[in-house]
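# Structure at a glance
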Amino acid sequence: MKIPFFKNTVTNYFSMFVRLVQGILVTRWLISHLGEAQYGLWVMLWSFFSYALLLDLGFGVAAQKVTATELYKQDIEKYNHTVSSIFFSHISMALLILPLTFVGMYYIRELFHLPDDATAEYIWFCREALLLSGLAATIVFPLGVFPEILVGLQKLYLRNYIIIISKLVELAGVIVIFALGWGLFKLLFFVMMVMGFTQLAMLIAVWKSIPRFRIRLAFDKAVFKGIYRFSSAVYIISIGRMIWERGMFLLISIFCGLAPVGIFQLGSRIPFLIQQISLPYVENISPISALLHSRNRTMHLAQILVRAIRWVNFFAAGAMVMVMIYAPRIILLLFDVESAEAAFICRLMVLFVYFLLVCRSIPEKFLTMAEEHKFLAKVQSFESIFFIVISIAVLLVKPHELVVVGAMILTKFIGTVFFVLPRLLKRTHIKLRYFVLYSLFEPALLALATGMVCYWQYYLLRGQLHEFVLLALAGVSGMLIYFPALYYMMFDHAEKIRAKKLLGRITGKLRRA
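A short tour of the structure in this document, coming up.

Reading guide: rules and limits
- Residues numbered from 1 in each chain as written.
- Predicted model: local features only at pLDDT ≥ 70, side-chain atom pairs only at ≥ 80, totals over all residues.
- Heavy atoms only, no water.
- Salt bridge = Lys/Arg side-chain N within 4 Å of Asp/Glu carboxyl O.
- Helix = DSSP H or I, 4+ residues; strand = E, 2+ residues; numbered from the N terminus.
- Buried < 20%, exposed > 50% of the residue type's maximum accessible area, 1.4 Å probe, protein only.
- Phe/Tyr/Trp six-rings, centres within 6.5 Å; stacked < 30°, edge-to-face > 60°.
- Contact = heavy atoms within 4.5 Å.
- Lys, Arg positive; Asp, Glu negative; His and termini not counted.
- Patch = residues over 30% accessible without salt bridge, like charges linked within 9 Å, V, L, I, M, F, W, Y side chains within 5 Å.
- Areas by Shrake-Rupley, 256 points an atom, 1.4 Å probe, with all protein chains shown as cover.
- Charge placed at Lys NZ, Arg CZ, Asp CG, Glu CD.

## A closer look at the pattern of salt bridges
A complete count under the given rule lists twelve salt bridges for this structure. The partner of Glu 442 in a salt bridge is Arg 310, and the shortest N-O contact between them spans 2.8 Å. In this pair, Glu 442 sits in helix 18 (residues 432-461) while Arg 310 sits in helix 14 (residues 298-335), placing the two residues 132 residues apart along the sequence. We classify Glu 442 as partly exposed; its relative accessible area is 34%. The class of Arg 310 is buried, set by a relative accessible area of 2%. With its nearest N and O atoms 2.7 Å apart, the salt bridge here joins Glu 372 to Arg 423. Of this pair, Glu 372 sits in the loop between helix 15 (340-369) and helix 16 (373-397) while Arg 423 sits in helix 17 (residues 401-428), and the two are 51 residues apart along the sequence.

## A word on the packing of aromatic side chains
For the structure shown, the criterion picks out 16 aromatic pairs. Between Phe 355 and Phe 413, the aromatic rings sit 5.8 Å apart at their centres with planes inclined by 35°, giving tilted as the arrangement. Here Phe 413 lies in helix 17 and Phe 355 lies in helix 15, a separation of 58 residues in the sequence. Residue Phe 355 is classed as buried on the basis of its relative accessible area, which comes to 18%. Note on Tyr 434 and Tyr 438: the rings are 5.2 Å apart at their centroids and 10° apart in plane angle, and the pair reads as stacked. Pair noted here: Tyr 434 and Tyr 438 are both in helix 18, with a separation of four residues, about one helical turn. An aromatic cluster is present here, built from Tyr 72, Tyr 79, Phe 87, Phe 88, Phe 146 and Phe 213 joined pairwise through their rings.

## Looking at the side chain of Gln 64
With respect to the helices and strands, the residue Gln 64 is situated in helix 2 (residues 59-68). Exposure remark for Gln 64: the relative accessible area of 7% places this residue in the buried category. Not counting residues within four places of it along the chain, the set of residues in contact with Gln 64 comprises Glu 148, Val 151, Gly 152, Ser 286, Pro 287 and Met 369.

## Considering the side chain of Glu 401
Position of Glu 401 relative to the elements: it lies in helix 17. Here Glu 401 occupies a buried position and makes no salt bridge, while the nearest side chain of opposite charge, Lys 398, is found at 9.6 Å.

## A word on a nonpolar patch on the surface
A contiguous nonpolar surface patch, about 670 Å² in accessible area, is contributed by Leu 432, Val 436, Leu 437, Phe 441, Leu 445, Leu 448 and Met 452. Here Phe 441 lies in helix 18.

## Topic: a positive patch on the surface
On the surface, Lys 221, Lys 225, Arg 229, Lys 374 and Lys 378 cluster together into a patch of positive charge. Counting residues per element, the ones that place at least two in the positive patch are helix 11 (221-256) and helix 16. With respect to the helices, strands and loops of the structure, Arg 229 is situated in helix 11.

As structure tokens, this is what we get:
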């Protein structure tokens with residue numbers, strides 16, 4: 001099976017770019033046309049919709065894995081029964097959304113903190129909006145299995161094409177709705193309808209990719225037990241990840257107050273953005289790991305993993321070095337804030353995110369798909385409990401946001417270095433020396449050389465140039481170093497030949513023009 005790695009990655013990034021731009025534009029228009037109060041209601045509705053995704057219980061990843069192992073080629077009937085069991089499990093979970101929605105409608109005043117003088121019409125409006133959101137979540141939630149199937153089919157590009165089109169349609173619809181003077185309720189109905197059609201388009205794409213695919217009106221208990229053993233471990237992993245992602249802000253708020261939360265948010269936004277930018281590339285690893293592991297092609301999989309980690313390290317190390325040097329200037333340029341504490345947190349967090357991207361993200365995806373989900377769930381559970389206990393114990397003595405950051409770094413370092421990485425090396429038979437030199441050391445060495453050049457520029461030119469000009473100069477300098485290195489260090493022989501041909505075609509067209 002030929003894996004469209006490049007097409008998947010490029011469309012992942014393009015989809016992320018479209019979603020980012022569309023999100024910024026829609027947010028600006030929502031605030032402008034609806035006002036702060038109704039925009040707050042919009043945010044709350046989508047927050048509840050996001051929490052409904054917790055009912056997935058890991059079944060989506062299970063569908064991705066069973067598809068990636070190509071069960072649909074080996075036994076289409078068993079595959080149909082498996083996906084049908086997952087689909088009807090999603091339906092049963094979705095049915096829980098309705099009673100929770102009705103409870104929320106009853107306690108709408110407390111839930112949305114409505115003022116005492118809120119009119120009956122406005123209260124009923126909020127209840128109707130919540131009901132519409134709950135109904136949409138109930139209908140759309142079971143269809144979430146089909147994007148996961150496309151990922152398992154190695155057809156992320158199809159999923160991305162559908163998402164891009166739906167986001168553009170949604171953007172056009174928002175423009176029309178506001179031009180006609182319609183309000184929040186019609187906007188919500190339209191957006192939910194677009195979401196439903198998007199998931200149906202995913203279903204059609206699955207049908208076309210797997211001709212004999214059918215949803216059976218049956219629930220196979222034996223199949224479900226096998227799925228549940230895998231999905232429950234995946235669910236524990238996702239919950240553990242959510243604990244530290246959301247728990248950091250909660251712990252800082254409880255023990256330190258809201259001002260330190262703002263400082264932490266300010267310092268961590270850029271590192272987390274770097275993490276998000278790397279995810280479209282890393283997403284390819286899960287279906288590839290499931291496929292090659294099912295075929296027992298350990299050597300081939302090991303080569304892909306070490307090369308993938310090397311690629312992530314190549315770009316993440318460069319971004320990390322730039323942020324380490326220019327953190328105060330980046331924060332000043334983006335947020336118009338000068339804060340030494342926020343800059344320090346930014347530097348600390350970018351080191352942490354770099355460590356996670358290089359040493360944890362890809363190994364974790366491999367282990368999840370290589371029948372090590374129970375082991376990974378145990379590690380994630382240990383990390384979550386250790387993080388909470390250590391954070392609270394130290395915060396009671398010294399309430400400071402850096403305590404939470406330090407506890408998180410210590411926890412993830414122990415879990416990754418002493419558990420996750422050794423299990424990766426053991427399962428793939430990758431030599432430790434080769435892994436450290438090829439995947440970790442060489443890209444980091446290049447980033448260090450780039451950092452020395454950028455630091456020299458920063459030391460000589462700070463205070464003399466505008467922050468934007470200074471950062472642009474650093475970016476150009478970094479690219480002048482990184483692009484030649486990309487060719488000589490990262491491309492293999494075949495990729496170098498393709499790069500030369502592509503460059504030849506581009507220069508030929510420029511000459512003719």
